[in-house]
Amino acid sequence: MSRAPFERIVERHGARVWRVCRALLDEADADDAWSETFLAALEAYPTLAHDARIEGWLVTIAHRKAIDVLRRRSRLVVGELPERIAPDRARDLDLARALAQLPQRQREAVVLHHLGGLPFAEVAAQLQSSTDAVRRASSDGVRRLRVLMGEER
C-alpha cells in the first residue's frame, strides 16, 4: 500500500493543526508551532504505520509543539498586547485569552477534543487520564469558556 504524498497530508490536515496551535498560542507562536509540527511529521512520516490515524497523530504532535513553545515563552518577558486589534482577529484573540484562563487540564481537553477533533478516548490516553475525567474536564471547560466569552451568565 502506498502512502499519500506528504503535501496532501498538509493540505488535508493543515487547518485543524492550525486551530490546535492557535487555541494555545498567539498568532506568531502558532505559526512557529504549526511549522514545527509539520517538520516533525515529515521526518517521522516514512516510518508511520500504514493504519495510523493521521489526523490524531498530527494533533498530538501539534499539542506537544505548542506546549514546547509555551515552555520556551514562559522563560521570556512578554510585552503588552497592541491597543488595536483587527476586527476579524478579535474573536480568535478573545478565544485564546479565554482558553488561557482555563485550568490546564480543561484547556487541554477542550483543545484536543473540540478543536483537534480527537475522540475522548485518545484525549484520555494523551493526557494519561480516564475517559470520564476527560469528558468532565471538557464539559467544565466549555461551560467556563461560554461564561468568559460572554455567551452565558
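So, on to the overall build of the chain. When you go through the chain residue by residue, the secondary structure sums to seven helices and zero strands. Going from N to C terminus, the chain has its helices and strands arranged as α-α-α-α-α-α-α. Classification of the 153 residues of the chain by burial places 39% in the buried group. The contacts in the chain between residues at least 6 apart in sequence include a share of 66% that link residues at least 24 apart. Surface exposure of the chain reaches about 9,500 Å², of which carbon and sulfur atoms provide 50%.

So, about the packing of aromatic side chains. Aromatic ring pairs are defined here through the distance separating the ring centres and the angle between the ring planes. A complete count under the given rule lists three aromatic pairs for this structure. Arranged with centres 6.3 Å apart and planes meeting at 75°, the rings of phenylalanine 6 and phenylalanine 38 form a pair that is edge-to-face. One end of the pair, phenylalanine 6, is in helix H1 (residues 6–24); the other, phenylalanine 38, is in helix H2 (residues 27–44), with 32 residues separating them in the sequence. Neither residue differs from the other here; phenylalanine 6 and phenylalanine 38 are each classed as buried.

This part covers the pattern of salt bridges. Under the definition given, this model contains five salt bridges. A salt bridge links arginine 16 to glutamate 55; its shortest N-O distance comes to 2.6 Å. Residue arginine 16 is found in helix H1, and its partner glutamate 55 is found in helix H3 (residues 54–74); the two are separated by 39 residues along the sequence. Of the residues examined, glutamate 55 reaches a relative accessible area of 22% and is grouped as partly exposed. Between aspartate 140 and arginine 143 there is a salt bridge, and its shortest N-O distance comes to 3.0 Å. Placement of both aspartate 140 and arginine 143 in helix H7 (residues 131–148) is noted, with a separation of three residues, approximately one turn of the helix. Exposure remark for arginine 143: the relative accessible area of 42% places this residue in the partly exposed category. Salt bridges sharing partners connect three or more residues here, namely Arg16, Arg53, Glu55 and Glu122.

The next thing to look at is H7. With 18 residues, H7 ought to run about 26 Å at 1.5 Å a step, and its terminal C-alpha atoms sit 25 Å apart, in line with that. Looking at the residues trailing H7, positive phi occurs at glycine 150, about 80°.

This paragraph deals with the side chain of threonine 37. Counting through the fold element by element, threonine 37 comes out in helix H2. Judged by relative accessible area, which is 0%, threonine 37 ranks as buried. The residues contacting threonine 37, other than those within four sequence positions of it, are Val17, Cys21, Leu58, Ile61, Ala62 and Lys65.

For the rest of this paragraph, the subject is the packing of helix H5 (residues 104–115) against helix H6 (residues 120–127). Between H5 and H6, whose axes approach to 10 Å, the crossing angle comes to 135°. Taken together, the axes of H5 and H6 lie oblique to each other. Here H5 and H6 pass one another in a crossing that is right-handed. For the pair H5 and H6, the contacting residues are Arg105, Glu108, Ala109, Leu112 and His113 in the first and Phe120, Val123, Gln126 and Leu127 in the second. Looking at the contact of H5 with H6, its residues break down into five nonpolar, two polar and two charged.

Turning our attention to the side chain of arginine 107. The residue arginine 107 is located in helix H5 in this model. If sequence neighbours within four positions are ignored, arginine 107 has contacts with Leu24, Leu99, Ala100 and Leu102.

Conventions and cut-offs
Residues numbered from 1 in each chain as written. Predicted model: local features only at pLDDT ≥ 70, side-chain atom pairs only at ≥ 80, totals over all residues. Heavy atoms only, no water. Helix = DSSP H or I, 4+ residues; strand = E, 2+ residues; numbered from the N terminus. Buried < 20%, exposed > 50% of the residue type's maximum accessible area, 1.4 Å probe, protein only. Contact = heavy atoms within 4.5 Å. Areas by Shrake-Rupley, 256 points an atom, 1.4 Å probe, with all protein chains shown as cover. Phe/Tyr/Trp six-rings, centres within 6.5 Å; stacked < 30°, edge-to-face > 60°. Salt bridge = Lys/Arg side-chain N within 4 Å of Asp/Glu carboxyl O. Expected span 1.5 Å × (residues − 1). Axes fitted to C-alpha atoms, helices over the stretch in contact; angles between N-to-C directions. Parallel < 35°, antiparallel > 145°, perpendicular 65-115°, else oblique. Left-handed = near helix turned anticlockwise from the far one by under 90°. Nonpolar A, V, L, I, M, F, W, Y, C, P; charged D, E, K, R; others polar.

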